[in-house]
Structure formats: C-alpha cells, structure tokens
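Coordinates in review
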Amino acid sequence: MESSPNITIIGAGLIGLCSADALSSRGVNVTVIDARPGPCEGTSFSNSGMIHPSQALSWDTPKPSPSDLDAARVTAALAKRSRDLLVDMTKRLGLPVRPGGCLQIFKDFETARSAQKSYGEIGILSNIVIDPIDSFGRPACQFPNDNSGDARAFGCALEMDLRARGVSFIYGAADTDVRHTGAGFTVRVSDQILKADHLILAAGIQTASLLSKFEIRMQLKAVSGAAADFVLPEIIDDLPSCPVMDTESRSAMTVFKNRVRISGGWGLEDPASLVECWRDIAPALMLRLGRPRSTWTGVRPVSPVGRPYISGSSIPNLWVNTGHGHMGWTLCAGSGELMSELILDGRRDSRFAFSG
Ligand SMILES: Cc1cc2nc3c(=O)[nH]c(=O)nc-3n(C[C@H](O)[C@H](O)[C@H](O)COP(=O)(O)OP(=O)(O)OC[C@H]3O[C@@H](n4cnc5c(N)ncnc54)[C@H](O)[C@@H]3O)c2cc1C
C-alpha cells in the first residue's frame, strides 16, 4: 500500500487552513507554517464576514468585459460550492452561521435595478428591497443566497480541530527557506528541516515573493482595506439583521456576536473615511456606536485575471492557492477542496490555472 504523502502548506490564513482541512480529511500528513504567531493573523484577521457568492465579479473592473464575466461565472460556481461546504464546516465546529443573505445599498432605484441586471448575467439571484432598518431606507439588492459568519473565529476553531486531527503547525517562521530537491522539497524553518512531497503556497500577498525563490513570476496586486470595530450597543432593535454593503465606498456594516464592524474600502489604509461614510448612511446608529474600540488594516491578494489561482506550477508538486481578493472567506472551503482534488486525484481544472 502506498504511504500518505507529506504536504507542507505555507500560510495559516483561511486559504491555507481550509487546504489543510481538505487534505487531512483524506489521510494526508500536513504541516502548516506561518510567519506570524498564530492562525488568521494576516488578511483573514478582520474581514467583513460575508459569505457572498453574489460578489464574484472582480472589483477591479467597473465595466466588465466578456472575459471578466466568464471569470465571474467560474468564481461564482466555486463560491456557491464553497458556501455550502463552509456552512457545514462552521456548524461542525459549533459556530453560528447567519442565514438571511446580504444587502447592497444604492443611491437610487435606477442604479439598483441596473446592478440587479448585471448580477443576473452571472447567474446571481437578487431582489430589490427598501427597508428602514436593514437598508437604512435606501434602495438595495438583497442576495438571499449569501450568508455571513465570523471568519477569524472560524479559522481559530478550525486550527484547533486540525491540531486534534494530527496536523502540525509551526508559527513565528519568518525566515522560511524553501528548496526544490528533485524528489520533493526541503523546507528550513529556524533550526528545523522538513521534507515535503508537495508544497502549497497559500501565503496571501506574499505568495509572489515565495514563488520568486523558484524563479517563477506571479502578478498579484495588493489592495488594502480597513476595519473599525465598535462595542455592540445595549439596544439592538435598530441594527441591520444581515451585513449591508455600500456600493460607493466598497464597505460593509456587519453585526457580529459581540461587536459591530465597519470594514472594506478598495485601496484604503485608514478606516476613518469609512466611518465618516457610514455616519452619513446611518447617522442615528453611528451616533450611538460612538468611537471605534479598535481599528485594523489588511491587504487583499488580487489576481489580474479576476479569479483566484488554485493550481500547480511549472515545478512538479509545487502548488499555489491565492489571489482570492475580496472573496477569500467565501471561497476558502471550496478552494481547499479543489486543491486536494488537484493533488490527490490528479484532477485537471483549467478554470483557476496559473501559467507560471
Ligand atoms: C477589509 C476586508 C474585508 C473583507 N471582507 C470579506 C468578506 O466579507 N467576504 C469574503 O469572502 N472575503 C473578504 N475579504 C477577503 C478575505 O479576507 C481574504 O481574501 C482572505 O483573508 C485571504 O486569505 P489568505 O489565506 O489568502 O491570506 P492571509 O489571511 O493573509 O494568510 C496568508 C498567511 O501567510 C503567511 N505568510 C506570508 N508569507 C509567509 C512566509 N514567507 N512564511 C510563512 N508564512 C507566511 C501570513 O503571515 C498569513 O498568515 C476581506 C478583506 C479585507 C481586507
């Protein structure tokens, strides 16, 4: 009988953890390495929590071309599969998933209807609604098939579950040296040397610099976003019942178990302007929320092709799982599953191919 392969994953964000989950559930020996002190300390730390197949279209293309629409359709298909897997995984980990969709608000009905038409072109169902609380009295597209949940809580719970299932984690590994050795890979972390049959780079925006060590070039754009967390107010009757996205600022208000978060922005490092924008959208609520209790900035890894790279590379057994942009929470479970099928079943899938 063939022994299970040893697979090393660089990156303990949502994408690396879900890749570890899919591989370990099929009996593979997995080691996950991260430069930071724990799981989900990178871009996966403080996102908007939306599991939103609805947003499969690249945020980099204001006027999508036919190839952008094709990329969005394949991303949406993976996102729908991923959402279903994610809901099951989240329940298995004993965490809440919030059904009830997501809302996207617009300045007027005409813009909302035009957006609804575009969503329809990539197979996304939406309803036009207006509600004094959920959409702050503004016209909105409601996406009934979206969900939401706390991505970091999920990542931390998944990491503990993976440990219990025998997956090894090495943290604080900022100086990892990776080499292709013919039969596999040698990974040197501080004073440890690991041998791996396969190496998966799920290092978010840093994946490109890790690939450059193998003389492979990957174009990834770093698009920053920010978050401001507020204490959950005592009176919660006027909080929206699902995440609300604002089209203009590319940001969202999401109510979590113990906090309200305003987060997003495309190329934005300071959440102050987002907070200002939400003071305009929801003045009474924002007055009650007061000042944020914490703020954060993160960088999304965005591929120029409008869909992630979940793929092999020109080096045998060197794999990449990155470039999920604004969709990494939504796509993590499906991306992990696909990665495991590419490696273990020899599945060929050109939809998320990386040509380097
Ligand atoms: C403000 C904001 C809001 C968002 N909202 C949503 C949302 O509502 N829904 C959604 O689906 N997505 C959302 N996203 C996107 C989502 O959060 C990201 O796509 C996702 O977190 C990316 O995960 P990752 O695992 O690829 O990257 P990361 O979480 O960054 O993980 C990569 C890991 O690799 C490690 N690493 C890097 N280099 C090395 C190295 N050389 N050695 C060892 N370790 C290394 C890093 O320390 C890091 O922990 C949002 C993003 C932002 C910024």
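Below you will find a few notes about this structure.

Here we take up the side chain of Gln55. If you trace the backbone, Gln55 turns up in the loop between β3 (50-51) and α2 (66-92). Judged by relative accessible area, which is 3%, Gln55 ranks as buried. Those residues in contact with Gln55, other than ones at most four positions away along the chain, are Gln104, Tyr119, Phe143, Met245, His326 and Met327.

Another aspect to go through is the sheet that holds strand β10 (residues 185-189). Taken together, the three strands give an open sheet; going across it, the order is β9-β10-β11, and neighbouring strands pair in antiparallel fashion. Each end of this open sheet is capped by a strand with a single partner; those strands are β9 (177-180) and β11 (192-196). Taking the axes of each pair of neighbouring strands and ignoring which way they run, one obtains an average angle of 20° across the sheet. Looking at chain direction, β10 and β11 are connected through five bridges and run antiparallel. Within the sheet, the bridge partner assigned to Arg188 lies in β11 and is Ile193.

An order of β5-β6-β4-β14-β15-β16-β13-β17 is seen for the eight strands of this open sheet, with the pairing classed as mixed. Every interior strand has two partners, whereas the edge strands, β5 (127-129) and β17 (294-302), have only one. Each strand of the sheet is rotated relative to its neighbour by a mean of 25°, with strand direction disregarded. Sheet topology places strand β15 (residues 251-255) next to strand β16 (residues 259-264); five bridges connect them, and they run antiparallel. Counterpart to Met253 in the pairing with β16 is Ile262. Packing of helix α3 (residues 109-121) onto the sheet brings it into contact with β4 (102-105), β5 and β6 (140-143), and relative to β5 it is tilted by some 165°.

Inspection of the secondary structure puts His180 in strand β9. The class for His180 is partly exposed, based on a relative accessible area of 34%. As for His180 and Pro316, which are separated by 136 residues in sequence, their C-alpha atoms are 9.3 Å apart.

Moving on, we come to helix α4 (residues 151-164). With 14 residues, α4 extends 20 Å from end C-alpha to end C-alpha; this agrees with the ideal 20 Å at 1.5 Å per step. When we look at burial in α4, the residues that qualify are Ala151, Phe154, Gly155, Leu158, Glu159 and Leu162. Relative to the axis of α4, the buried residues are bounded by an arc of 135° and lie together on one face. Seen from the open side of α4, the exposed residues pointing more than 90 degrees away from its buried face are Met160 and Ala164. Here the buried face of α4 lies against α1 (14-24), α2, β8 (168-170) and α8 (328-344). A side-chain oxygen of the first residue of α4 lies 3.2 Å from the backbone nitrogen of Arg152; this N-cap is Asp150. At the exit of α4 stands Gly166, carrying a positive phi of roughly 100°.

Moving on: the packing of aromatic side chains. How two aromatic rings sit relative to each other is given by the distance of their centres and the angle of their planes. Applying the stated rule across the entire model yields eight aromatic pairs. Relative to Trp266, the ring of Trp59 has its centre 5.4 Å away and its plane inclined at 70°; by these criteria the two rings are edge-to-face. Residue Trp59 is found in the loop between β3 and α2, and its partner Trp266 is found in the loop between β16 and α6 (272-281); the two are separated by 207 residues along the sequence. Given the relative accessible area of 13%, Trp59 is considered buried. One Lys or Arg, Arg259, reaches over the ring of Phe256 and ends 5.0 Å from the middle of that ring.

As a further point, take the packing of α2 against α4. Remark: α2 packs on α4, axes separated minimally by 10 Å, with the N-to-C direction vectors making an angle of 65°. Relative to α4, the element α2 lies roughly perpendicular. The way α2 lies across α4 gives a crossing that is left-handed. Two secondary-structure elements touch here, α2 through Leu86, Met89, Thr90 and Arg92 and α4 through Phe154, Leu158 and Asp161. Here the contact of α2 with α4 is built from residues that sort into four nonpolar, one polar and two charged.

Here the focus is the side chain of His52. Looking at the secondary structure, you find His52 in the loop between β3 and α2. Sequence-distant contacts of His52, that is, excluding residues within four places in its chain, are made with Asp146, Met245, His326, Met327 and Thr330.

What follows covers the site of the ligand. As a structural note, the neighbourhood of the ligand is formed by 32 residues, with Asp34, Ser44, Met50, Gly325 and Thr330 the closest of them. Contact distances for the ligand include 3.1 Å between an oxygen atom and a backbone N or O atom of Ile15. Separating an oxygen atom of the ligand from a side-chain N or O atom of Arg36 is a distance of 3.2 Å. At the level of elements, α1, β13 (221-231) and α8 are the ones that each hand at least two residues to the shell around the ligand. Broken down by element, the residue count for the shell around the ligand peaks at three residues, all from α8. Classifying every residue of the shell around the ligand by side-chain character gives 12 nonpolar, 17 polar and three charged.

In this section: the pairing of strand β2 (residues 29-33). Burial analysis of β2 places four of its five residues in the buried class, which makes it a mostly covered element. In terms of strand pairing, strand β1 (residues 6-10) meets β2 through five bridges, oriented parallel. The residue of β2 that forms the bridge with Ile9 is Val32. In terms of handedness, the path from β1 via α1 over to β2 forms a crossover that is right-handed.

Cut-off values and rules
- Residues numbered from 1 in each chain as written.
- Predicted model: local features only at pLDDT ≥ 70, side-chain atom pairs only at ≥ 80, totals over all residues.
- Heavy atoms only, no water.
- Helix = DSSP H or I, 4+ residues; strand = E, 2+ residues; numbered from the N terminus.
- Buried < 20%, exposed > 50% of the residue type's maximum accessible area, 1.4 Å probe, protein only.
- Contact = heavy atoms within 4.5 Å.
- Pairing = 2+ DSSP bridges.
- Axes fitted to C-alpha atoms, helices over the stretch in contact; angles between N-to-C directions.
- Expected span 1.5 Å × (residues − 1).
- Arc of directions from axis to C-beta.
- Polar contact = N/O pair within 3.5 Å; in protein donor to acceptor, adjacent residues only side chain to side chain.
- Phe/Tyr/Trp six-rings, centres within 6.5 Å; stacked < 30°, edge-to-face > 60°.
- Lys NZ or Arg CZ within 6 Å of the ring centre and 35° of its normal.
- Parallel < 35°, antiparallel > 145°, perpendicular 65-115°, else oblique.
- Left-handed = near helix turned anticlockwise from the far one by under 90°.
- Nonpolar A, V, L, I, M, F, W, Y, C, P; charged D, E, K, R; others polar.
- Near = heavy atom within 4 Å.
- Right-handed = clockwise from strand over helix to strand, strands pointing away.

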